[in-house]
Amino acid sequence: AQSVTQPDIHITVSEGASLELRCNYSYGATPYLFWYVQSPGQGLQLLLKYFSGDTLVQGIKGFEAEFKRSQSSFNLRKPSVHWSDAAEYFCAVGALGGSTLGRLYFGRGTQLTVWP
Amino acid sequence: DAGVTQSPTHLIKTRGQQVTLRCSPKSGHDTVSWYQQALGQGPQFIFQYYEEEERQRGNFPDRFSGHQFPNYSSELNVNALLLGDSALYLCASSPPPPGLDYNEQFFGPGTRLTVL
């Protein structure tokens, strides 16, 4: 069964510190992986995505993520966090094709708090 | 480009009532998916519409139904509302193939439904 686990419900970091948000997935086929960010009262904004090629992908706002097939992980990182990064972050997995094309399975999210 | 738009922004209903939520996809997109995001949870897939047909469906009861119009806009209908239907309802659209972007979901800001 397809599933996404984000083990950290809430993370607090100081502004300027580095950040890593964890994501593990379970998927029966080649996964298409995403990270989305959601600010309060807003919809989801795509940060980055991965489906093949270089396992380190760059996204918007200085974020990057690394796909590790052996660990079924797709962790999100940022070298220096800004106060504006405070938000909720969702990892998601989807199909590259087949009957579930376009359907995303989301983790429960990680709430990021940034201290000034 | 207006992006994905949803209406209304907020809605309050009482148990047993029926509700209709609306979504206009991003320009050039032909596939619309609906997700339910309960408080503190990640979005859960309700169903997806393509060419005015329901193409796939998540684990939601028949009280949840939808429609897609020739201009690709979509409606989500929920009958016999329950307290547990209170959530943020997100609409997402995706472009047609070719290219792998057809698996990327562009999300609207959501409709916050409160059932009393």
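Residues numbered from 1 in each chain as written. Chains lettered and ligands numbered in written order. Predicted model: local features only at pLDDT ≥ 70, side-chain atom pairs only at ≥ 80, totals over all residues. Heavy atoms only, no water.

A few words now on the layout of surface pockets. As a volume, the largest pocket reaches approximately 320 Å³. Forming the boundary of the largest pocket are 19 residues, of which Y105(A), F106(A), P43(B), Q44(B) and F45(B) lie nearest the centre. Contributing elements (two or more residues each) for the lining of the largest pocket: β1 (3-5) and β11 (104-106) of chain A together with β5 (44-50) of chain B. The biggest single contributor to the lining of the largest pocket is β11(A), with three residues. Looking at the lining of the largest pocket, its residues break down into eight nonpolar, nine polar and two charged. Volume-wise, the second largest pocket comes out at about 250 Å³. Lining the second largest pocket are 16 residues, and of these Q38(A), G41(A), E88(A), Q37(B) and R112(B) sit closest to its centre. (1 Å grid on protein atoms, 1.4 Å probe; cavity = no way out; pocket = protein on both sides within 12 Å on 5 of 7 lines; lining within 4 Å. Points joined across faces, edges and corners; volume = space filled by probe spheres on them. Helix = DSSP H or I, 4+ residues; strand = E, 2+ residues; numbered from the N terminus. Nonpolar A, V, L, I, M, F, W, Y, C, P; charged D, E, K, R; others polar.)

Taken together, the contact pairs 24 residues of chain A with 23 residues of chain B. For the pairing of chain A and chain B, the buried interface totals around 1900 Å² over both sides, and the portion due to carbon and sulfur atoms is 50%. At the surface where chain A touches chain B, the tally comes to one salt bridge. Residues K49(A) and E104(B) are paired through a salt bridge, measuring 2.4 Å at the closest nitrogen-oxygen approach. For the pair chain A and chain B, the interface holds four residue pairs in polar contact (both at pLDDT 80 or more). Residue assignment for the side of chain A that touches chain B shows that the elements contributing at least two residues are β5 (31-38), β6 (44-50), β10 (87-95) and β11 of chain A. Looking at the side of chain A that touches chain B element by element, the count peaks at four residues for β5(A). Classifying every residue of the side of chain A that touches chain B by side-chain character gives twelve nonpolar, nine polar and three charged. (Contact = heavy atoms within 4.5 Å. Buried area = accessible area lost by both parts, 1.4 Å probe. Salt bridge = Lys/Arg side-chain N within 4 Å of Asp/Glu carboxyl O. Polar contact = N/O pair within 3.5 Å; in protein donor to acceptor, adjacent residues only side chain to side chain.)

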